[in-house]
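Listed below are the residues making up each chain.
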Amino acid sequence: MTDREPQEIPAEAPAEGAVDPSDPASMIGQPAKIMRIGTMIKQLLEEVRSAPLDDAARGRLAEVHERSLRELEDGLSPDLVEELRRITLPFSDEGQPSDAELRIAQAQLVGWLEGLFHGLQTALLAQQMSTQAQLAQMRRALPPGVIVQGHLAHDEENPKAPGQYL
């Protein structure tokens, strides 16, 4: 250690209520709701695949599909709502949709939701890796003896020791 007193540098906290547009998690306002609806739709698709549907079942499934789309829109960012509307085609106006129409619509929605979840996971992982690289770069830029949130930025006594988190 040096003879001078270590300096304390406060860690910056994000402003309360601030939304970072580059944050992938901000694309979903209600993640738990989206996950519940996605799980329900996936389960429904599995049920529809294994059972023949009569007129009443097709009508009910079409209603559940339309309601699910509306509920999903409540929990998504405007960009994702627009994308979902672009890829979702309405059922034909000829009475009840056919079994095939319902299965295709459900499979399409399940696939879109799975793609959404995988895309978010990938973006969050990339963001985490970028943040870790930035933190490591910040640690290297600090002079020896600087304290960040109660931890020395550099361990002068053991330079090969792993660094502390900021």
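Heads up: the structure comes first, above all this text.
Here's a quick rundown of the structure. The structure presented is a predicted model; accordingly, all values stated were derived computationally and were not measured. (Residues numbered from 1 in each chain as written. Predicted model: local features only at pLDDT ≥ 70, side-chain atom pairs only at ≥ 80, totals over all residues. Heavy atoms only, no water.)

Within the chain, the regular secondary structure consists of four helices and three strands. Secondary structure elements in the chain, listed N-terminal to C-terminal, are β-α-α-α-α-β-β. Looking at the chain residue by residue over its 166 residues, the buried ones come to 27%. Look at the contacts in the chain between residues 6 or more apart in sequence, and 72% of them connect residues 24 or more apart. Carbon together with sulfur atoms contributes 55% to the accessible area of the chain, which is approximately 11,500 Å² in total. (Helix = DSSP H or I, 4+ residues; strand = E, 2+ residues; numbered from the N terminus. Buried < 20%, exposed > 50% of the residue type's maximum accessible area, 1.4 Å probe, protein only. Contact = heavy atoms within 4.5 Å. Areas by Shrake-Rupley, 256 points an atom, 1.4 Å probe, with all protein chains shown as cover.)

In this structure, Gln-106 sits in helix 4 (residues 99–141). Sequence-distant contacts of Gln-106, that is, excluding residues within four places in its chain, are made with Ile-41, Leu-44, Leu-45, Leu-61 and His-65.

Attention now goes to helix 1 (residues 31–50). Two residues of an α-helix separated by three or four positions point the same way, owing to the 3.6 residues in each turn. Here helix 1 spans 29 Å end to end across 20 residues, near enough to the 28 Å set by a 1.5 Å rise per residue. Where helix 1 is concerned, the buried positions are Lys-33, Ile-34, Ile-37, Gly-38, Ile-41, Leu-45 and Val-48. Within helix 1, the buried residues cover an arc of 130° as seen down the axis, which keeps them to one side. Set apart from the buried face of helix 1 by more than 90 degrees, the exposed residues are Arg-36, Thr-39 and Ser-50. For helix 1, the elements touching its buried residues are helix 2 (55–74) and helix 4. (Expected span 1.5 Å × (residues − 1). Arc of directions from axis to C-beta.)

Leu-72, Leu-76, Leu-113 and Leu-116 are the most contacted members of the largest nonpolar core, which totals 17 residues. Of all the secondary-structure elements, those providing two or more residues to this core are helix 1, helix 2, helix 3 (78–87) and helix 4. At six residues, the largest contribution of residues to this core is made by helix 4. (Core = buried A, V, L, I, M, F, W, Y, C linked by side-chain atoms within 4.5 Å.)

Look at helix 2: 29 Å from first C-alpha to last across 20 residues, which is about the 28 Å you get at 1.5 Å a residue. Those residues of helix 2 that are buried lie in contact with helix 1, helix 3 and helix 4. Near the N-terminus of helix 2, the side chain that reaches the backbone nitrogen of Ala-56, with its oxygen 3.3 Å away, is that of Asp-54. (Polar contact = N/O pair within 3.5 Å; in protein donor to acceptor, adjacent residues only side chain to side chain.)

With that settled, consider the environment of Ile-104. Mapped onto the elements of the fold, Ile-104 is located in helix 4. Ile-104 sits in the exposed class, given a relative accessible area of 59%.

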